[in-house]
Amino acid sequence: IMAGLEKEAATGAEAVLGGGGLEPKTIGANAAIATEGKGVGLTLWDGSGIRVGPESKAVVNDCRPSRECEQTLEKGLLYFEAYKPPVEGMAGQTPREFVIATEALSLRFGSARLAVFASGDKTAVVVLEGRAKAVTPQGESVIVASGETLEARRGERPGMPGPAEMGRLKKWWEDIR
């Protein structure tokens, strides 16, 4: 799989899109992914996985090797899981930074697993594993650690992260599958 993804990345493809009743296909930079009744999955060239939930809109920006990998979530739900080698200590891809941008926040992280919900000027994030730096358009930032959630509204200072609400997370997970 990794060799196939690397070959696709060399052609300018950013990810392989599949699920939601779609045949797998490669997508290029700045490809908009809009879903209706079902979510879709993406596999980035490095093996990282993204699920875009139903009734959502996301854009995969430039994610080629050796660059920062940015996605934009315009509305709805997005789940992201950075690639990890299947065996601890096994050589993997070069670590790099991922960014998920919404109207209210940019989330910057390396190896992490998180769920993000965006609706207009509001964003909520739950970090399931690892940590993410949440940065407002005004440059204010806060670190969200594993097991924490943060809600933010554009133009307002971000609050402090709190414990993740498992009920909300379960609902998000059911919606995104």
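Residues numbered from 1 in each chain as written. Predicted model: local features only at pLDDT ≥ 70, side-chain atom pairs only at ≥ 80, totals over all residues. Heavy atoms only, no water.

Another aspect to go through is the confidence of the model for the protein chain. Scored by pLDDT, the protein chain has a mean of 83; 80% of the residues are at 70 or more. When mean pLDDT is taken per element in the protein chain, strand S12 (residues 131–135) scores highest with 97 and helix H1 (residues 2–10) scores lowest with 54. (pLDDT = per-residue confidence, 0-100. Helix = DSSP H or I, 4+ residues; strand = E, 2+ residues; numbered from the N terminus.)

In this section: unusual backbone geometry. One non-glycine residue, Asn 30, lies in positive phi territory at about 65°. Tracing the chain through its elements places Asn 30 in the loop between strand S2 (22–28) and strand S3 (31–34). Even without glycine at this site, Glu 55 takes up a positive phi of about 55°. Within the fold, Glu 55 resides in the loop between strand S5 (49–52) and strand S6 (57–60).

Attention now goes to the packing of aromatic side chains. Enumeration over the complete set of coordinates arrives at 3 aromatic pairs. With a centroid separation of 4.9 Å and an interplanar angle of 55°, the aromatic rings of Phe 80 and Phe 98 are classed as tilted. Highlighted residues: Phe 80 in strand S7 (residues 69–81) and Phe 98 in strand S8 (residues 98–101), separated in sequence by 18 residues. The buried category is assigned to Phe 80, whose relative accessible area is 0%. Considering the side-chain rings of Phe 80 and Phe 109, the 5.2 Å spacing of their centres and the 70° angle between planes classify their relative orientation as edge-to-face. On the criterion of sequence distance, the pair formed by Phe 80 in strand S7 and Phe 109 in strand S9 (residues 106–109) is long-range, its members being 29 residues apart. Exposure class is identical for Phe 80 and Phe 109. Each is buried. (Phe/Tyr/Trp six-rings, centres within 6.5 Å; stacked < 30°, edge-to-face > 60°. Buried < 20%, exposed > 50% of the residue type's maximum accessible area, 1.4 Å probe, protein only.)

One pass over the full model with this rule turns up 7 salt bridges. Residue Glu 74 is joined to Lys 57 by a salt bridge in which the shortest nitrogen-to-oxygen separation is 3.5 Å. Residue Glu 74 is located in strand S7, and its partner Lys 57 is located in strand S6; the two are separated by 17 residues in the primary sequence. Given the relative accessible area of 31%, Lys 57 is considered partly exposed. For Arg 108, the salt bridge is made with Glu 97, and the minimal N-O distance between the two is 2.9 Å. Residue Arg 108 is found in strand S9, and its partner Glu 97 is found in the loop between S7 and S8; the two are separated by 11 residues along the sequence. Judged by its relative accessible area of 32%, Glu 97 is partly exposed. (Salt bridge = Lys/Arg side-chain N within 4 Å of Asp/Glu carboxyl O.)

By size, the foremost hydrophobic cluster in this structure holds 35 residues, and its most contacted members are Leu 42, Leu 44, Phe 80 and Leu 114. Counting residues in each nonpolar core, the second largest holds 7 residues, with Leu 77, Ala 115, Ala 124 and Leu 169 among its members. (Core = buried A, V, L, I, M, F, W, Y, C linked by side-chain atoms within 4.5 Å.)

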